[in-house]
Amino acid sequence: MLEIKNLHVKLEDEDKQILKGVDLSVEAGKVHAIMGPNGSGKSTLSYVLSGRDGYEVTEGEASLNGLDLLEAEPEERAAAGLFLAFQYPVEIPGVGNMTFLRTALNAQRKARGEAEISAGDFLKLVREKAKSLKIDADMLKRPVNVGFSGGEKKRNEILQMAILEPKMCILDETDSGLDVDAMRLVADGVNALRDAGRSFLVITHYQRLLDHIKPDVVHIMAGGRIIETGGPDLAMEVEKNGYADLLAKHGIAQ
Ligand code: ADP
Ligand code: MG
Ligand code: MG
């Protein structure tokens, strides 16, 4: 599904290398987690995959089901089924959530060469998904994310995912600001959307999220590389012992 090989990335305006040879392969239907100390390059990896400006790939490859992500336009990435959860948390005053979701879905369909969804079919789809995720109708009518609580934003993110039905979902749960309830929401949403044809890359600073989303594979990122890969027990080990031993083992200064 997702193949990253020897990815090197530096800041565009500065002589600062952030990713120093990331190798990562996520198979269809699997949930991979990336953990790692602050500043190790986790968010940079997701930004580069999303095509955010400001970064320069100096070496390596990244592809999604054969599509070269490093060359693809944002709509091509979306059409290929890439979804980044942090992509749409922005507030868009004046644009209703429903309109936004429908626009995003139709842009994806268009890039795939499919016909637009009719207003009636979309309404049916969004109501059905909202119901199954216990999202009340009121949230669908409000402007995108405006005045949403942290939990509501998360709920909305999951709704976006449920509607767009991506193949590869990348969630960067950057901050410790995720309270227990929001964490539960994210986990329940991910678990509900787990499917043989869908993969997840869950980036998290804390092991706690992984108590609720049982990953198939856990990677530890440090110093711009994946330094260890293992099963869920690797996350437990880090929770218990911290990163110091692993960093020392790989000669990475803290
Ligand atoms: P993580 O998500 O693992 O905490 P980041 O990807 O956010 O790590 O950051 C990796 C490193 O790159 C950090 O040292 C950070 O300060 C630096 N970095 C990332 N983006 C920028 C930027 N736009 N300008 C300056 N430094 C940056
Ligand atoms: Mg950080
Ligand atoms: Mg981060």
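Computed from a predicted structure; not experimentally measured.

Side chains that differ in charge, positive against negative, can pair when their charged atoms come close. Scanning all chains against the criterion turns up 8 salt bridges. With a shortest N-O distance of 3.2 Å, E157 and K154 are connected by a salt bridge. Placement of both E157 and K154 in helix α6 (residues 150-164) is noted, with a separation of 3 residues, approximately one turn of the helix. As far as burial versus exposure is concerned, E157 and K154 are alike and both buried. The residue R194 makes a salt bridge to D216 at a minimum N-O spacing of 3.6 Å. Of this pair, R194 sits in the loop between α7 (180-193) and β10 (199-204) while D216 is found in the loop between α8 (209-212) and β11 (217-222), placing the two residues 22 residues apart along the sequence. Owing to a relative accessible area of 29%, R194 belongs among the partly exposed residues under this scheme. Taken together, the salt bridges that share partners define one network made up of D138, R142 and E152.

With respect to the element layout, E228 can be found in strand β12 (residues 225-230). A relative accessible area of 16% places E228 in the buried class. A polar contact is formed between the side chain of E228 and the side chain of K249, at a distance of 2.7 Å. Setting aside its immediate chain neighbours within four residues, E228 contacts V218, H219, I220, L234, L246, K249 and H250.

Below, the discussion takes up the pairing of strand β9 (residues 168-173). Most of β9 is tucked away: 6 of the 6 residues are buried. Here β9 shows two buried faces, one formed by M168, I170 and D172 and the other by C169, L171 and E173. Alignment of strand β6 (residues 82-84) against β9, held across 3 bridges, turns out to be parallel. If you follow L82 over to β9, its bridge partner there is M168. Where β9 and β10 come together, 6 bridges link them in parallel fashion. Considered in β10, the bridge of E173 is made with T204.

Conventions we followed
- Residues numbered from 1 in each chain as written.
- Chains lettered and ligands numbered in written order.
- Predicted model: local features only at pLDDT ≥ 70, side-chain atom pairs only at ≥ 80, totals over all residues.
- Heavy atoms only, no water.
- Salt bridge = Lys/Arg side-chain N within 4 Å of Asp/Glu carboxyl O.
- Helix = DSSP H or I, 4+ residues; strand = E, 2+ residues; numbered from the N terminus.
- Buried < 20%, exposed > 50% of the residue type's maximum accessible area, 1.4 Å probe, protein only.
- Polar contact = N/O pair within 3.5 Å; in protein donor to acceptor, adjacent residues only side chain to side chain.
- Contact = heavy atoms within 4.5 Å.
- Pairing = 2+ DSSP bridges.

Function-wise, these values are silent; they only describe arrangement.
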